[in-house]
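Listed below are the residues making up each chain.
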Amino acid sequence: MQRDMTEGPITSGLICFAVPLMIGNLLQQFYNIADTWIVGHFLGADALAAVGSSYTLMVFLTSILLGLCMGSGAVCSIHFGGKDEERLKSCIFVSFVLIAGVAAVMNLLVYAGLDGFIRLLRVPEAVVPLMGDYLGVIFLGIMASFLYNYFAGLLRAVGNSVTPLVFLGLSAVLNIVWDVWFVRGFGWGVRGAAAATVLSQYIAGLGIAGYTFLRCPGLRIRKKHMRWRTETFREIMGMSFLTCVQQSVMNLGILMVQGLVNSFGTVVMAAFAVAVKIDSFAYMPVQDFGNAFSTYVAQNYGAGRDDRIKKGIRSAAWSVLVFCLCISLAVCLFARPLMGMFVSGEENGIRSGIIETGVQYLRIEGACYVGIGVLFLLYGYYRAVRRPGMSVVLTVISLGTRVALAYALSSVPRIGVTGIWAAVPVGWALADAAGIGYYIRRYSRRKDCR
């Protein structure tokens with residue numbers, strides 16, 4: 001089920017391609033929220049803090065693989081749009097070998113550095129054993145994450161956003177069922193939550209790999225394509241390396257913020273763990289729309305359809321603006337009941353502190369979602385037109401501002417943890433200004449986008 005986005009209606013085509021991406025990631029976030037709910041209700045605040053901090057670390061690690069997959073996907077989109085089947089298949093072989101190798105090495109390194117990761121996150125002593133138990137299992141899913149993200153990215157590169165949704169949906173349902181079974185039924189604690197995640201990841205990863213091989217002959221490589229071509233490797237690395245750097249810098253900044261949050265104690269850790277899941281659930285659709293927009297731009301860039309790229313920019317900008325304003329209103333209005341859903345009624349003093357801290361976070365972030373919506377469009381655009389370095393620059397501006405301001409403001413006693421939350425929208429705004437300014441100066445008055 002491939003979609004050629006170099007022809008046909010622009011806005012409806014973008015939305016039709018983006019909706020399965022949105023639904024898929026909403027399912028993923030729904031699982032993450034369900035996981036948080038199960039851990040928070042059945043295992044308590046310390047376990048919730050351990051799983052929340054571990055989630056941030058795993059997002060950072062998998063962002064390396066995700067960045068490589070996104071970069072190689074952009075190259076595949078360009079060749080698919082240009083109708084160059086031989087270069088497309090060469091790209092598939094080289095990128096798979098490259099990213100599989102990175103994933104294998106990463107899997108070895110994370111186990112060797114497990115204790116160091118926990119110390120880096122400044123985890124309270126009460127949480128350290130729980131976090132070690134969780135990470136010891138969850139790291140087994142790194143190869144599964146590679147398989148799913150690689151083949152999902154490949155299918156999306158050629159316009160198929162429905163199949164990745166099917167496998168992700170299956171994985172999310174299994175995650176929730178096994179979570180309850182392992183945590184509540186078997187009493188395996190945080191290890192049970194991690195095992196449920198890993199098993200469901202392998203179902204999705206192996207399933208989508210098998211589907212691509214069996215049902216997509218146009219993407220099936222033959223022996224003649226299984227050659228290590230230096231030109232193809234350089235092309236992929238030119239996109240993938242910088243996209244990987246962008247994703248890694250983004251999540252390294254978040255990891256540094258997580259360490260700062262942890263220094264404020266278990267209540268703030270638990271509140272942050274819950275609020276971040278709600279926050280991600282809220283703005284994830286615009287992130288997926290940005291990825292869909294990137295595929296649209298890449299295919300048209302490969303086909304030389306610069307007129308459609310500029311029309312697509314206007315359409316995408318209006319779509320993101322409307323969505324972000326609606327979701328900002330909803331999050332700000334319902335921040336308190338949303339937080340209350342994920343914290344148990346026991347230990348009322350602790351529960352109240354977690355909810356109040358989380359509400360403050362959500363109302364500060366939620367009022368500014370348009371900032372990150374625009375930033376996702378900028379990331380997608382610059383990746384698609386072979387300017388991934390600009391995406392890195394915008395990420396450094398956004399995350400650098402966030403980290404610097406968070407550490408500076410939170411050290412002021414009268415501001416405290418509020419400074420960590422306030423730093424985020426400031427970083428978004430500065431990165432948006434830089435990205436839009438660069439586009440206006442370089443592209444807006446030119447006939448092409450190259």
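Residues numbered from 1 in each chain as written. Predicted model: local features only at pLDDT ≥ 70, side-chain atom pairs only at ≥ 80, totals over all residues. Heavy atoms only, no water.

## Description of the overall build of the protein chain
- Helix and strand content of the protein chain: 16 helices and zero strands.
- Burial status across the protein chain gives 56% buried among its 450 residues.
- Sequence separation of at least 24 residues holds for 83% of the intrachain contacts in the protein chain that already meet a minimum separation of 6.
- In the form shown here, the protein chain has an accessible surface area of approximately 17900 Å², with 67% of it arising from carbon and sulfur atoms. (Helix = DSSP H or I, 4+ residues; strand = E, 2+ residues; numbered from the N terminus. Buried < 20%, exposed > 50% of the residue type's maximum accessible area, 1.4 Å probe, protein only. Contact = heavy atoms within 4.5 Å. Areas by Shrake-Rupley, 256 points an atom, 1.4 Å probe, with all protein chains shown as cover.)

## Considerations on a nonpolar patch on the surface
- There is a patch of nonpolar side chains on the surface, built from Trp318, Leu321, Leu325 and Val370 and spanning about 390 Å² of accessible area.
- Relative to the elements of secondary structure, Val370 occurs in helix 14 (residues 369–384).
- Residue classification places Val370 among the partly exposed residues on the basis of a relative accessible area of 30%. (Patch = residues over 30% accessible without salt bridge, like charges linked within 9 Å, V, L, I, M, F, W, Y side chains within 5 Å. Salt bridge = Lys/Arg side-chain N within 4 Å of Asp/Glu carboxyl O.)

## A word on unusual backbone geometry
- The backbone phi angle of Arg386 is positive, close to 60 degrees, even though this residue is not glycine.
- Position of Arg386 relative to the elements: it lies in the loop between helix 14 and helix 15 (388–410).

## Some details on the packing of aromatic side chains
- By the definition in use, this model includes 23 aromatic pairs.
- Here Phe167 and Tyr211 contribute two aromatic rings whose centre-to-centre distance is 6.2 Å and whose plane-to-plane angle is 65 degrees, an arrangement assigned as edge-to-face. Placement of Phe167 in helix 7 (residues 162–185) and of Tyr211 in helix 8 (residues 189–215) is noted, with a sequence separation of 44 residues between them.
- For Phe167, a relative accessible area of 16% translates into the label buried. (Phe/Tyr/Trp six-rings, centres within 6.5 Å; stacked < 30°, edge-to-face > 60°.)

## Quick look at the nonpolar core
- Membership of the largest hydrophobic core comes to 133 residues, with the highest contact counts inside it found for Leu61, Phe139 and Met339.
- Per element, the largest residue contribution to this core is 19 residues, and it comes from helix 10 (residues 266–303).
- Setting aside its immediate chain neighbours within four residues, Leu61 contacts Met106, Val110, Phe117 and Phe139. (Core = buried A, V, L, I, M, F, W, Y, C linked by side-chain atoms within 4.5 Å.)

## Some points on the packing of helix 14 against helix 16 (residues 418–442)
- Put simply, helix 14 and helix 16 touch, their axes get as near as 9 Å, and they point 40 degrees apart. In terms of orientation, helix 14 lies oblique with respect to helix 16. Here helix 14 runs over helix 16; the crossing is left-handed. Here Tyr369, Val370, Gly371, Ile372, Val374, Leu375, Leu378, Tyr381 and Tyr382 of helix 14 come into contact with helix 16, specifically with Trp428, Ala431, Asp432, Gly435, Ile436, Tyr438 and Tyr439.
- In terms of residue class, the contact of helix 14 with helix 16 is built from 13 nonpolar, two polar and one charged. (Axes fitted to C-alpha atoms, helices over the stretch in contact; angles between N-to-C directions. Parallel < 35°, antiparallel > 145°, perpendicular 65-115°, else oblique. Left-handed = near helix turned anticlockwise from the far one by under 90°. Nonpolar A, V, L, I, M, F, W, Y, C, P; charged D, E, K, R; others polar.)

## Re the environment of Phe272
- Relative to the helices and strands, Phe272 is located in helix 10.
- Phe272 sits 105 residues away from Leu377 along the chain, and the two C-alpha atoms are 26 Å apart.
- Beyond its immediate sequence surroundings of up to four residues, Phe272 is in contact with Val257, Gln258, Val261, Tyr361, Arg402 and Trp421.

## Notes on the pattern of salt bridges
- Counting across every chain of the model gives seven salt bridges.
- Between Arg305 and Glu7 there is a salt bridge; the shortest N-O distance is 3.5 Å. One end of the pair, Arg305, is in the loop between helix 10 and helix 11 (306–333); the other, Glu7, is in the segment before helix 1 (11–42), with 298 residues separating them in the sequence.
- Given the relative accessible area of 25%, Arg305 is considered partly exposed.
- The exposed category is assigned to Glu7, whose relative accessible area is 54%.
- In this structure, Arg305 engages Asp307 in a salt bridge whose closest nitrogen and oxygen atoms are separated by 3.4 Å.
- Assessed through its relative accessible area of 39%, Asp307 is described here as partly exposed.

## With respect to the packing of helix 3 (residues 85–112) against helix 6 (residues 142–157)
- At a minimum axis distance of 9 Å, the contact between helix 3 and helix 6 shows a crossing angle of 155 degrees. Taken together, the axis directions place helix 3 and helix 6 in an arrangement best described as roughly antiparallel. As helix 3 packs across helix 6, the resulting crossing turns out to be right-handed. Contact residues: Ile92, Ser95, Phe96, Ile99, Ala100, Ala103, Ala104, Met106, Asn107 and Val110 in helix 3; Ile142, Met143, Phe146, Tyr150, Phe151 and Leu154 in helix 6.
- Per-class residue counts for the contact of helix 3 with helix 6 are 14 nonpolar, two polar and no charged.

## As for the environment of Val274
- Within the secondary structure, Val274 sits in helix 10.
- Counting along the chain gives 52 residues from Val274 to Arg222, while the straight-line C-alpha distance between them is 47 Å.

## Focus: the environment of Met239
- Note on placement: Met239 falls in helix 9 (residues 230–262).
- A relative accessible area of 2% places Met239 in the buried class.
- Residues Met239 and Val385, 146 residues apart in the sequence, show an inter-C-alpha distance of 10.0 Å.
- Setting aside residues up to four positions removed in sequence, Met239 forms contacts with Gly71, Ala74, Val75, Arg383, Arg386 and Pro388.

## Quick look at the side chain of Glu235
- Residue position: Glu235 is located in helix 9.
- Within polar-contact distance, the side chain of Glu235 engages the side chain of Arg87 at 3.4 Å.
- Discounting residues that sit within four places of it in the chain, Glu235 has contacts with Val75, His79, Arg87 and Arg386. (Polar contact = N/O pair within 3.5 Å; in protein donor to acceptor, adjacent residues only side chain to side chain.)

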